[in-house]
Amino acid sequence: MTNGGLCVEEGRGKSRTVVSIYGQQYTIVGTENPEHVKRVAKFVDKKMREVKGNNPYLDTNKIAVLTAVNIGNDYLALLKKLENEKKDEDL
């Protein structure tokens, strides 16, 4: 990842955090606090397990993509909600 301070490359001022997502270990390198990185990983793991629970016959790649789509949808809906709230405040 490269957005939001997380990436898979090392550099200055970055910390390494080992996390487990859906049974796989990943080393995440970034400027974010390791506790934040762990929280993000736990969230993604939970979402992947929810997708698997609703679609038990999907393989891991499809679970990962559907999880990304669901998180992206939630993110865009939240941005729209914040934008609408900002418009309401400006009235």
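The numbering scheme is per chain: residues are counted from 1 as the chain's sequence reads. At least 70 in pLDDT is required for a residue's local features to be given in this predicted model, at least 80 for side-chain atom pairs to be given and counted, and no such filter applies to totals for whole chains, interfaces and linings, which use all residues. Only heavy atoms go into the side-chain values, all of them from the structure, while hydrogens and water stay out.

Observations regarding the overall build of the protein
By the criteria applied, helices consist of DSSP H or I runs no shorter than four residues and strands consist of E runs no shorter than two, each listed in order from the N terminus. Counting its secondary structure elements, the protein contains two helices and three strands. The proportion of buried residues among the 91 residues of the protein is 18%. A separation threshold of at least 6 residues defines the contact pool for the protein, and within that pool the share at least 24 residues apart is 28%. Summed over its atoms, the accessible surface of the protein is roughly 7,300 Å², and 52% of this surface lies on carbon and sulfur atoms. Working definition: with a 1.4 Å probe on protein chains only, accessible area under 20% of the residue-type maximum means buried, over 50% means exposed, and in between means partly exposed. Residue contacts are defined here by distance: any two heavy atoms, one from each residue, within 4.5 Å place the two residues in contact. In short, Shrake-Rupley with a 1.4 Å probe defines the accessible areas, and a residue's cover is counted only from the protein chains shown.

Thoughts on unusual backbone geometry
For tyrosine 22, which is not glycine, the phi torsion reads 55° and is therefore positive. Its place among the elements puts tyrosine 22 in the loop between strand S2 (15-21) and strand S3 (24-30).

What to know about the environment of aspartate 59
Tracing the backbone through its elements, the reader meets aspartate 59 in the loop between helix H1 (34-54) and helix H2 (60-90). Counting of polar contacts relies on pairs of N or O atoms within 3.5 Å, with two restrictions inside protein: one atom must be capable of donating a hydrogen and the other of accepting it, and residues adjacent in sequence are counted only when both atoms are side-chain atoms. One polar contact links the side chain of aspartate 59 to the main-chain amide nitrogen of lysine 62, over a distance of 2.8 Å.

Observations concerning the packing of H1 against H2
Axes are the key here: two packed helices are described by the angle between their axes and the distance separating the axes. Orientation is described by axes fitted as lines to C-alpha atoms, over the contacting stretch for helices, and by angles from 0 to 180 degrees between their N-to-C directions. Their axes nearest at 9 Å, the elements H1 and H2 cross at an angle of 115°. On the basis of their axis angle, the class for H1 and H2 is roughly perpendicular. Relative to H2, the crossing made by H1 is right-handed. Between H1 and H2, the contacting residues are Phe43, Val44, Lys47, Met48, Val51 and Lys52 on the first element and Thr60, Ile63, Ala64, Leu66, Thr67, Asn70, Ile71 and Asp74 on the second. Relative orientations are named as follows: roughly parallel for angles under 35 degrees, roughly antiparallel for angles over 145 degrees, roughly perpendicular for angles from 65 to 115 degrees, and oblique for any other angle. Should the near helix be turned anticlockwise from the far one by less than a right angle, the crossing is termed left-handed; should it be turned clockwise, right-handed.

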